[in-house]
Amino acid sequence: MHIAVVGLSHKTAPVEIREKLSIPEPQTEGAIAHLLSYPSIEEVTVLSTCNRLEIYIVTQESEQGIREVTQFLSEHSKLPVMSLRPHLFILLHEDAVMHLMRVSAGLDSLVLGEGQIMAQVKTTHKIGQQYKGIKTVLNKLFKQAITAGKRVRSETSIGTGAVSISSAAVELAQMKVQNLAAVRVAIVGAGKMSRLLVQHLVSKGAGEICILNRSIAKAEELAKQFSACNIQIETLDKMMQVINVSDLIFTSTSATEPILDRSKLELILEPTRPLMLFDISVPRNVDSNVNELNNVQAFNVDDLKAVVAQNQESRRQMAQEAVSILEQEVEAFDIWWRSLETVSTISSLRNKIETIREQELEKALSRLGSEFGEKHQEVIEALTRGIVNKILHDPMVQLRAQQDVEARRHCMQTLQKLFNLDAEEQYS
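Quantities reported herein were computed from a predicted structural model and do not represent experimental measurements.

## A short note on the overall build of the chain
Here is step 1 of the chain: The secondary structure content of the chain amounts to 16 helices and 10 strands.
Here is step 2 of the chain: For a compact globule of 428 residues, the expected C-alpha radius of gyration is about 22 Å, and the chain comes in at 28 Å, more than 25% above that figure.
Here is step 3 of the chain: Dimensions of the chain, computed from C-alpha atoms along their principal axes, come out at roughly 100 × 50 × 40 Å.
Here is step 4 of the chain: Among the 428 residues that make up the chain, the fraction classed as buried is 49%.
Here is step 5 of the chain: With the model as given, the accessible surface of the chain reaches about 21100 Å², and the carbon-plus-sulfur share is 50%.
Here is step 6 of the chain: Positive and negative charge centroids in the chain, built from 46 and 53 side chains respectively, lie 3 Å apart.

Now the structure itself:
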C-alpha cells in the first residue's frame, strides 16, 4: 500500500488554472465517489481551497493511482493532461505525509502561518469520512496532521500578524490608500472570508463599510458581530449602485463565474473616478478585463504575494522551529504505518488460537453431556476466551511496539514459524 498526493497550488499554477480545478464543497461527494470507482484507489479525500487543490490517496499501485487521479483532474477541469501536467506536483509516502503536515501548520500557505487552513484540513477530514473516502490510513494521517498543526501554533509564534488571505488583502488595500478611515468600502459576500475582511478592516480603522449579500439575514448576522461599527446592509441587486459610490470593493462569494466585468463597470463609473477591487475568491469574482478601464485597479489572490513577501523574512526563523515539530509528527505516523505490517501476523495467530479454543471447547462440552446447563457453558466459554486473550496480549503488544524494522520482521517470522502461520504482509 502507498500514500500519494497529487495537486497544484499557488506555487505551481496561476489563478486561471486553479479556478478550473476548484471543487466546491457541494461537488466533493461526487468527486470522492468518482475517484473511488477507479480500480487502484482504495482511500481518497479532496482538499480544495482558494490557493490549492490536493487529492490524497491510498493505492496499491502508485503509478496507476497517480494516472487515475490525473485523468480525473483532466476530466473535471476540461484541460488536456498535457496542459495540466506542468502545474501538478506529485508526492509519495513520506514526502506526502510531510506535505500534509506542512499544509496543516500553515507552512505551505501563501501567507506563512495562516490559521484558516487548519479548519480546511479538519473539514477535508470530516467530509472524507462522511463520504466513505477516508478509512484507516488517511484517518490516521489527517489526525496526525491536525495534531501537528495545533502543536506548531501553540509552540511557536508563526501565527502572529497577518495570517490569512483576508488580512493580506486588507494590508494591500492599506498600502494603496494609506488611510482606510477616509474611504468607502463595500464587501460582496457574507461568508467566513468576509467576516475576516470586516474584522481586519475595522482593526485598520475603516469607518464606512457596506456588506452586500444574496441573503439579508446572513449579512445582518455578520454585521451584528461588529455592532459598534457603521456597517450597512444591501442585497446583491443593489451591487452596482453601491459600487458606484464606493472606493474599495472586496469580493468573496462562491460564484463560479465573474460577477463583475468591464461591461458592467463602464456603465456606472465616471472615467476619472478611481476604483480598487480586491478579489479573494477562486474561481474569481472579478474579470481581469476591468483593468482595461481608466483609474480602475483589480487585484486577485496572486497579487497578495507582494504583501506576503514583506512579512516572509521575519517568519522564516519561526518556520524552522516548526519543521522540527513536524519531523516528530512524521516519525510518529511512520512508526504507526510500519506497525501495520504486523496486522496479518497478529490476525493469523489469533484466528489459529481461536480455532483451537473452539474445537477443544466443543469436545469438552460434548463429554460433559446434555445435563450440563447453559449457564455453565457460558462460564466456561468466557473462561477460555479470557485465557486466550491473556496469553496473546503480551506477544501482540511487544510485536506492535518494535520500532526497529528488522527486529519487528524477525519477531513476525519467528511467530509464523513457531505457530506454522500463513500470513502475508498487507502494507509495504
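## A few points about the side chain of E329
Here is step 1 of the chain: By the element assignment, E329 lies in helix 13 (residues 305-339).
Here is step 2 of the chain: Among residues more than four places away in sequence, those in contact with E329 are M101, Q144, T147, A148 and R151.

## Re the packing of aromatic side chains
Here is step 1 of the chain: Following the criterion strictly, the structure yields 5 aromatic pairs and no others.
Here is step 2 of the chain: Here F278 and F299 contribute two aromatic rings whose centre-to-centre distance is 5.2 Å and whose plane-to-plane angle is 20°, an arrangement assigned as stacked. Of the two residues, F278 sits in strand 9 (residues 275-279) while F299 sits in strand 10 (residues 296-299), which places them 21 residues apart along the sequence.
Here is step 3 of the chain: Aromatic rings pair up to connect F250, F278 and F299 into one cluster.

## Topic: the sheet that holds strand 2 (residues 41-49)
Here is step 1 of the chain: A sheet is described by the order of its strands in space; here 4 strands give the open sequence 2-3-1-4, paired in antiparallel fashion. At either margin of the open sheet sits one strand with a lone partner, and together these are strand 2 and strand 4 (89-92). Sheet twist, expressed as the mean angle between neighbouring strand axes with direction ignored, is 15°.
Here is step 2 of the chain: In the sheet, strand 1 (residues 2-9) pairs with strand 4 via 4 bridges, with the strands oriented antiparallel. Following the sheet pairing, G7 is matched in strand 4 by F89.
Here is step 3 of the chain: Relative to strand 4, helix 5 (residues 93-105) is tilted by about 115°, and along the sheet it contacts strand 1, strand 2, strand 3 (52-59) and strand 4.

## Description of the environment of L107
Here is step 1 of the chain: When you line up the elements, L107 lands in the loop between helix 5 and helix 6 (116-130).
Here is step 2 of the chain: Residue L107 is classed as buried on the basis of its relative accessible area of 5%.
Here is step 3 of the chain: A sequence separation of 208 residues divides L107 from R315, and the C-alpha atoms of the two residues are 9.8 Å apart.
Here is step 4 of the chain: Filtering out sequence-adjacent residues up to four positions away, L107 remains in contact with R102, L112, I158, A319, A322, V323 and L326.

## Points about the pairing of strand 9
Here is step 1 of the chain: The buried fraction of strand 9 is high, at 5 of 5 residues.
Here is step 2 of the chain: Where burial is concerned, the two faces of strand 9 agree: the one with L275, L277 and D279 and the one with M276 and F278 are both buried.
Here is step 3 of the chain: Relative to strand 9, strand 8 (residues 248-251) is paired through 4 bridges, and the arrangement is parallel. Bridge assignment links L248 to a residue of strand 9, and that residue is M276.
Here is step 4 of the chain: Relative to strand 10, strand 9 runs parallel, the two sharing 4 bridges. Each bridged residue has a counterpart across the sheet, and for F278 the counterpart in strand 10 is F299.

What counts as what
Residues numbered from 1 in each chain as written. Predicted model: local features only at pLDDT ≥ 70, side-chain atom pairs only at ≥ 80, totals over all residues. Heavy atoms only, no water. Helix = DSSP H or I, 4+ residues; strand = E, 2+ residues; numbered from the N terminus. Rg over C-alpha atoms; globule rule 2.2 N^0.38 Å. Buried < 20%, exposed > 50% of the residue type's maximum accessible area, 1.4 Å probe, protein only. Areas by Shrake-Rupley, 256 points an atom, 1.4 Å probe, with all protein chains shown as cover. Lys, Arg positive; Asp, Glu negative; His and termini not counted. Charge placed at Lys NZ, Arg CZ, Asp CG, Glu CD. Contact = heavy atoms within 4.5 Å. Phe/Tyr/Trp six-rings, centres within 6.5 Å; stacked < 30°, edge-to-face > 60°. Pairing = 2+ DSSP bridges. Axes fitted to C-alpha atoms, helices over the stretch in contact; angles between N-to-C directions.

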